[in-house]
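Structural overview
One letter stands for each residue in the lines below.
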Amino acid sequence: METRKVQQTGGSTYIISLPKQWAEKVGIKTGMRVSLQAQPDGKLLINPILEGRAVKTKKIDVTGCGVKALERDIIAAYLHGYDRIELSSKRILAEQKQTIRRVCYKLIGPEITEESSNCVVIQDLLNPNELPIKKGVQRMFLIAGSMQKDAVRALKTIDYDLALDVSQRDDEVDRLYLLISKQFRSILCGGGMPDSAETNIEEYHEFRMAASPLERIADHAQKIANVASKLQQPVSDKVTEELEKLNNAYIELVKLSIEALFNADTSLANQVIDGVDNMRTWVEELHASILELESHETMILLGTVVDSLARIGDLSSNIAEIAINTAIRDR
């Protein structure tokens, strides 16, 4: 670590000198400009503004590349913050192009801007300032909560169309999760925070951690919806009513955990964790009542639903623990 002495010039301006080795490394010369970004915790981020900064481009040869490997390569390039992804081959197969379009749909920002028989260009058109991380996490919570509620409703009413709609909504949660992951990686690589006026890097880290259990909650809601799409006959009202009550209780706990996270409320976070622990007996009793059903297939399917709901409760505890970590720092 180097230190610099603060000096005053002109009676009102404070100045410091920049380390020569750093300036040469990033290409700063006399007369060039740098950006100064104040952080909420009092730090000052100095970032070189290089004129004519080249667009970050990743070139990928897709010759002989399977669709799964191609999908993983595009997502990896997206997470690494490339502005432009050029996919090329002597001939890009129709199946590969379908994969490219499908992956672009799964990501927020990238759009296909050029396409030919041997080249496809993907351009990231998103301005990170348009979606601060807190809004992204809040949006994930709202979608995941609606999925959870509708999944059990589809199970109760044997509504296949609603079950399909829930499964499709999982894509939106995944898109938000990948965007948040990309933004956080950009910060770690020195790209600066898109919403630094209201969020410091520690908070950004904690909200990024909270996005992970929210993504998993949406996955479990999708799993319940998949069970609803497989049921051939209605389940007894007694069991479905208990499932709905259990689901509503877990929805409330997830809501409280997010509230505790946003408000750094330790008391509320501990309330969530205790609530999840207290519901384990309820889960065991529901499992026992399911074992009394006549259909073995229905028993297995509903057992999967209860397991997913219990896992959602554990994930709400994970969010509450992140909220406690946030609060202890600010206390």
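Located above this text is the structure these notes cover.
First, a word on what this report is: a plain description of the structure on this page. (Residues numbered from 1 in each chain as written. Predicted model: local features only at pLDDT ≥ 70, side-chain atom pairs only at ≥ 80, totals over all residues. Heavy atoms only, no water.)

**Things to note about the pattern of salt bridges**
When their charged atoms lie close together, side chains carrying opposite charge are able to pair. Here is the rule we go by: The term salt bridge refers to a side-chain nitrogen of Lys or Arg lying within 4 Å of a carboxyl oxygen of Asp or Glu. Under the scheme used here, helices are H or I runs from DSSP no shorter than 4 residues and strands are E runs no shorter than 2 residues, and both carry numbers assigned from the N terminus. Relative accessibility thresholds used throughout: buried, under 20% of the residue-type maximum; exposed, over 50%; partly exposed, between the two (1.4 Å probe, protein chains only).
Overall, the coordinates contain 17 salt bridges when judged by the stated rule. As a salt-bridge pair, Lys106 and Glu71 come within 2.7 Å of each other at their nearest N and O atoms. Note that Lys106 is positioned in helix 3 (residues 94-106) and Glu71 in helix 2 (residues 67-79), a separation of 35 residues in sequence. In this structure, the salt-bridge partner of Glu115 is Lys97, at a minimum N-O distance of 3.7 Å. In this pair, Glu115 is assigned in strand 7 (residues 110-115) and Lys97 in helix 3, connecting sequence segments 18 residues apart. Take Glu115: its relative accessible area is 41%, and that puts it in the partly exposed class. Exposure remark for Lys97: the relative accessible area of 15% places this residue in the buried category.

**Brief notes about unusual backbone geometry**
Positive phi, normally seen in glycine, also occurs at Ile158, with a value near 55°. Locating Ile158 in the fold gives a position in the loop between helix 4 (133-157) and helix 5 (160-188). With phi around 50°, Ala264 is a residue other than glycine that occupies positive phi space. Using a relative accessible area of 26% as the deciding quantity, one classes Ala264 as partly exposed.

**Re the side chain of Asp174**
Keep this limit in mind: Positive charges come from Lys and Arg, negative ones from Asp and Glu, while His and the chain ends are left out of the count. By definition, residues are in contact when any of their heavy atoms lie within 4.5 Å.
Along the chain, Asp174 turns up in helix 5. No salt bridge is formed by the buried Asp174, whose closest oppositely charged neighbour, Lys106, lies at an N-O distance of 6.1 Å. With sequence-adjacent residues up to four places away left out, Asp174 is seen in contact with Glu215 and Asp219.

In short, shape yes, function no, at least from these values alone.
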